[in-house]
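# Tertiary structure, described
Now for the letters of each chain:
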Amino acid sequence: MEDQLNALKLAVDTALAKAATEVEIEAIEIKYLGRKGELTAMLKNLANVSAEDRPRFGSMANEIKRQMEAAVASKRGELNQAKLANLAEQEREDVTEPGTRPPEGHLHVVTKAINELTSIFEKIGFTRTRFPEVEWDWFSFEALNMHKDHPARDEWETFFMDAPESSKMGKMILTPHATNGTARILAEKQLPIRAINIAKDYRRQMDVTHVPMFHQFDGVYVDEGVAITHLRGVLDYFVKEFFGPERQVRLRPFHFRFTEPSFEIDVSCGVCGGSGVLGDKQKCRVCKRGWLELGGGGMLHPNVLKAAGLDPKKYSGLAFGMGVERTYMMKEGMQLDDIRTLYKNDLRFLKQF
Ligand SMILES: [Zn+2]
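The present account deals with the structure reproduced in this document. Here the structure is a predicted model, which is why all the values come from computation and not from measurement.

## Describing the nonpolar core
If you look at the biggest cluster of nonpolar residues, it comprises 46 residues, and the most contacted ones within it are Phe217, Phe238, Leu294 and Phe320. Take this core: its biggest share by element is 7 residues, from helix 5 (residues 109-122). Excluding anything up to four places from it in sequence, Phe217 contacts Leu117, Phe121, Ile196, Asn197, Ile198, Phe238, Phe320, Gly321, Met322, Gly323, Val324 and Thr327. Membership of the second largest hydrophobic core comes to 24 residues, among which are Phe139, Ile185, Val220 and Val304.

## Focus: unusual backbone geometry
The peptide bond linking Leu191 to Pro192 adopts the cis configuration, its omega dihedral lying at -5 degrees. Positionally, Pro192 belongs in the loop between helix 7 (180-188) and strand 5 (193-202). Going from Glu260 to Pro261, the amide bond is cis rather than trans, its omega being -5 degrees. Within the secondary structure, Pro261 is located in strand 8 (residues 259-268). Even without a glycine there, the phi angle at Arg289 is positive, about 50 degrees.

## Let's talk about the pairing of strand 6 (residues 213-223)
The buried fraction of strand 6 amounts to 9 of the 11 residues, a majority that puts the element mostly inside the structure. Examined bridge by bridge, strand 5 and strand 6 share 10 bridges and lie antiparallel to one another. What sits directly across from Ala195, in strand 6, is Val220.

## Quick notes on the environment of His108
You can see His108 is positioned in the loop between helix 4 (54-91) and helix 5. With relative accessibility at 22%, the residue His108 sits in the partly exposed group. As for His108 and Cys287, which are separated by 179 residues in sequence, their C-alpha atoms are 27 Å apart. In terms of polar contacts, His108 uses its side chain to reach the backbone carbonyl oxygen of Leu342, at 2.8 Å.

## Looking at the pairing of strand 8
Among the 10 residues in strand 8, 8 count as buried, and that is most of the element. Of the strand pairs in this sheet, strand 7 (residues 249-254) and strand 8 are connected by 6 bridges, and their pairing is antiparallel. Following the sheet pairing, Arg252 is matched in strand 8 by Glu264. Strand direction decides the pairing type here: strand 8 and strand 9 (residues 291-300), joined by 8 bridges, are antiparallel. Looking across to strand 9, one finds that Ile265 is bridged to Gly295.

## Overview of the sheet that holds strand 7
On the basis of which strands lie adjacent, the open sheet formed by 7 strands has the order 1-5-6-10-9-8-7 and mixed pairing. Only two strands of the sheet have a single partner each, and these edge strands are strand 1 (127-129) and strand 7. Ignoring strand direction, the axes of neighbouring strands in this sheet form an average angle of 25 degrees. Sitting on the sheet, helix 7 is in contact with strand 1, strand 5, strand 6 and strand 9, with an inclination near 140 degrees to strand 5.

## Focus on the coordination of the zinc ion
For the zinc ion, every protein donor is listed as Cys269 (SG), Cys272 (SG), Cys284 (SG) and Cys287 (SG), and the spread of their distances is 2.2 to 2.3 Å. One can describe the site at the zinc ion as tetrahedral: its 4 donor atoms subtend angles covering 103 to 118 degrees at the metal. Ordering the donors of the zinc ion by residue number gives the pattern C-x2-C-x11-C-x2-C. Here Cys272 is found in the loop between strand 8 and strand 9, whereas its partner Cys284 is found in the loop between strand 8 and strand 9, with 12 residues between them in sequence. Like Cys284, Cys272 is buried.

Calculation rules
- Residues numbered from 1 in each chain as written.
- Predicted model: local features only at pLDDT ≥ 70, side-chain atom pairs only at ≥ 80, totals over all residues.
- Heavy atoms only, no water.
- Core = buried A, V, L, I, M, F, W, Y, C linked by side-chain atoms within 4.5 Å.
- Buried < 20%, exposed > 50% of the residue type's maximum accessible area, 1.4 Å probe, protein only.
- Helix = DSSP H or I, 4+ residues; strand = E, 2+ residues; numbered from the N terminus.
- Contact = heavy atoms within 4.5 Å.
- Pairing = 2+ DSSP bridges.
- Polar contact = N/O pair within 3.5 Å; in protein donor to acceptor, adjacent residues only side chain to side chain.
- Axes fitted to C-alpha atoms, helices over the stretch in contact; angles between N-to-C directions.
- Donors = N, O, S within 2.8 Å, 3.2 Å for Na, K, Ca; no water.
- Tetrahedral: all angles 85-135°; square planar, octahedral: opposite > 155°, others 65-115°.

Functional significance is not addressed by these values, which are geometric in nature.
Here is the structure:
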């Protein structure tokens, strides 16, 4: 009997040592200490023990039972402790661990283009200026030598504001070009003037090549003795900085109301190198005979200087203007099927820049 009890105790200890879960402990409890367990069965056998041995075995059996129960309780405690420690480890926060970066965006392609244009012109002393987008008719047209009823105004499909008219300044409009900045900065008469106005423009147009809100940059340089050579120099510098050192500028005579003489500004094609033909004698499809249209410019019309109160006999100036979106697309060698894509906020498109 004594050996049996010791063997049982050993069996319980061995089983407990292997147990790793509460379920396993419970199974051991039932198997050995339960109502139909092995110890209970053994205690029933006490009846068969001789009367004189019975008290000794009885107390021994009780002692073994107590030890087994203690072993089970201790194992259970151990397991709970481990569970808590594990939980603490899982929920522990390591403040030195590198964090998860939140998704990070970048500037819109047009904002990037504006920043680049600003920095290019700042290097030759042009200051970036900003002027109202809701503008007087005077600064957008009248001061630029485009008087009321002049047919040239038809080219700018202008939005008019529902606001009182000024007797001197005319109607309020959304400026249809960035050249209002030129008129305004001339009116400030802080000579010499070297300014680049990069601004939003508004026109009543919406199709694959037009959006009702777009951007232009207009440069102006006014001082004594400013000549066409300066215009050529500024444009040469800009084209080489922006498109690359191998690109050329061409000025083609044209007509604008606020400049005289006026030019269309072209840049040599980057695809065919300005030749208009590709290696296999095929005509270049990107350009027209080796050139791409960039914008317009010229020498400020004497009437524009006069409108600003400057003496055209003493001062002269150059001015030029280009579209931000168009110029940037040209640089990227991109042919957008639909310019409206730029403003659709489609990340699949915008992420490419
Ligand atoms: Zn070409």
